[in-house]
Each structure stands twice: as C-alpha cells, then as structure tokens.
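Remarks on the overall topology
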Amino acid sequence: LTQGTTALETAVVNDINTANLRVQAEINMVSSKQVGLLTRVSGDAADPSFYLGYLLRTSNGIRAEIWRKQVTEAVASWKLLGYTTTTKDSGLMSFDAQNGTFTLSIDGEQLLSANEPLFGEADIPQSGSAGTWLKGILGSSVDDFAIYSI
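Sequence order as written defines residue numbering, which begins from 1 separately in each chain. Predicted model: local features are reported for residues with pLDDT of at least 70 only, side-chain atom pairs are reported and counted for 80 or more only, and whole-chain, interface and lining totals are derived from all residues. Hydrogens and water are ignored here; the side-chain numbers use all heavy atoms of the structure.

Per the secondary structure count, the protein includes 0 helices and 12 strands. In DSSP terms, a helix is any run of H or I states spanning at least four residues, a strand is any run of E spanning at least two, and both are numbered starting from the N terminus. Mapped in sequence order, the helices and strands of the protein form the string β-β-β-β-β-β-β-β-β-β-β-β. Only the C-alpha atoms count toward the radius of gyration. The rule for a globule is 2.2 Å times the residue count to the power 0.38. Rg of the C-alpha trace for the protein: 14 Å, near the compact-globule value of 15 Å for 150 residues, within the 12% margin. When the backbone C-alpha atoms are referred to their principal axes, the protein occupies close to 40 × 30 × 30 Å. Residues counted as buried form 43% of the 150 residues belonging to the protein. The contact rule is simple, with two residues in contact once any of their heavy atoms fall within 4.5 Å. Residue pairs at least 24 apart in sequence account for 63% of intrachain contacts in the protein once pairs closer than 6 positions are excluded. What sets the accessible areas is the Shrake-Rupley method with a 1.4 Å probe; for residues, cover comes only from the shown protein chains. Total accessible area on the protein stands at roughly 7200 Å², and carbon and sulfur atoms take up 46% of it. With 10 positive and 16 negative side-chain charges, the protein shows a spacing of 7 Å between the two charge centroids. Accessible area is worked out with a 1.4 Å probe on protein chains only. A residue is then buried under 20% of its type maximum, exposed over 50%, and partly exposed in between. Charged residues are defined narrowly, with Lys and Arg counted positive, Asp and Glu counted negative, and His plus the chain ends left uncounted. Charge positions are represented by NZ for Lys, CZ for Arg, CG for Asp and CD for Glu.

Written as structure tokens, this is what we have:
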C-alpha cells in the first residue's frame, strides 16, 4: 500500500464515516522514524482531524503512541493520549477505536490503550475514515490494509 521515503506519507480511504472500527495493516519499520494507522479522519482533506496510533523510533528504542489531532477553525492542536515502550517494529498492527477508547496492538499483543477524556465534546472527531501514516527511510512499508466495524 505505502512504502516510505524521507517525507511524511499518508493514505486515507475516502467515503467511510464510521465511529467504532479496527484499522489494521502489516507494518515493517526497517529503519523508518514513524509508522502507524489513522482512524476517525474527518474535516478538511488538506488538514484533517484524526486519531493516530503509531510506532516512533527514537535514540532510546521504539515507542508506541496514541495521539489526537484536532483542527478547529484552521488551527491544529495535538494531544498525546498515551505512550509506552516496545521492541516490536514489524507485524500485523491493529488500531481500534471504540467509543472513547483507543487500543494499539501488534500481532494480537496489546501495546497500549488510551481513553479520550473529551469523547462526546464538540469538535472532537466522533467518526470518520481511516488510513496509514509513514515517515522515514526508503524501504519501510505498510501493506495488506483493512478496515473492520467493531
């Protein structure tokens, strides 16, 4: 589906508007900086709001993180909902969004779960589409992308 370069690459499936879903794909970080999945993508296609569950390679290892990007009146704000460290950098990544709870897993092993404290508030993504997020070195990949209602 997507193969990394040094720039940020995202791919979003159009015409889906679902609240509770599982997004999954086979990921391989190789030596990339970031690889992840997007859910509840909504708003302006050029600068959308969404939730991001991803792996981040740092100088100290790999972190699993869950973020909310909220765009209100053309101003984007980012909120870290949770993070942990992991040794996983490849496998079947799943990112679940169910009501106000978001769960990131690889190969069926839950890495991280986070709650959205503002779930149900205005301007917080309640539903939307889904996609992939990849930034880093050529050779990293996201493949076999799928979306399921949960």
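Moving on, we come to the pairing of strand 5 (residues 49-58). Extensive coverage of strand 5 is indicated by the burial of 8 of its 10 residues. A pair of strands is considered paired only if DSSP assigns at least 2 bridges between the two. Sheet analysis places strand 4 (residues 34-42) next to strand 5, joined by 7 bridges and oriented antiparallel. For Gly36, the partnering residue across the bridge sits in strand 5 and is Tyr54. Between strand 4 and strand 5, which pair antiparallel in sequence order, lie 6 residues; one of them, Gly43, sits at a positive phi of approximately 90°. Summarising the sheet, strand 5 and strand 6 (residues 61-72) pair through 9 bridges and their orientation is antiparallel. Considered in strand 6, the bridge of Tyr51 is made with Arg68. Counted along the chain from strand 5 to the antiparallel partner strand 6, the turn is 2 residues long.

Taken together, the side chains of Glu26, Asp107, Asp143 and Asp144 make up a negatively charged region of the molecular surface. Relative to the helices and strands, Asp143 is located in strand 12 (residues 141-149). Residues qualify for a patch when their relative accessible area is over 30% and they have no salt bridge, like charges being joined within 9 Å and the nonpolar side chains of Val, Leu, Ile, Met, Phe, Trp and Tyr within 5 Å. The salt bridge definition used is simple: a Lys or Arg side-chain nitrogen within 4 Å of an Asp or Glu carboxyl oxygen.

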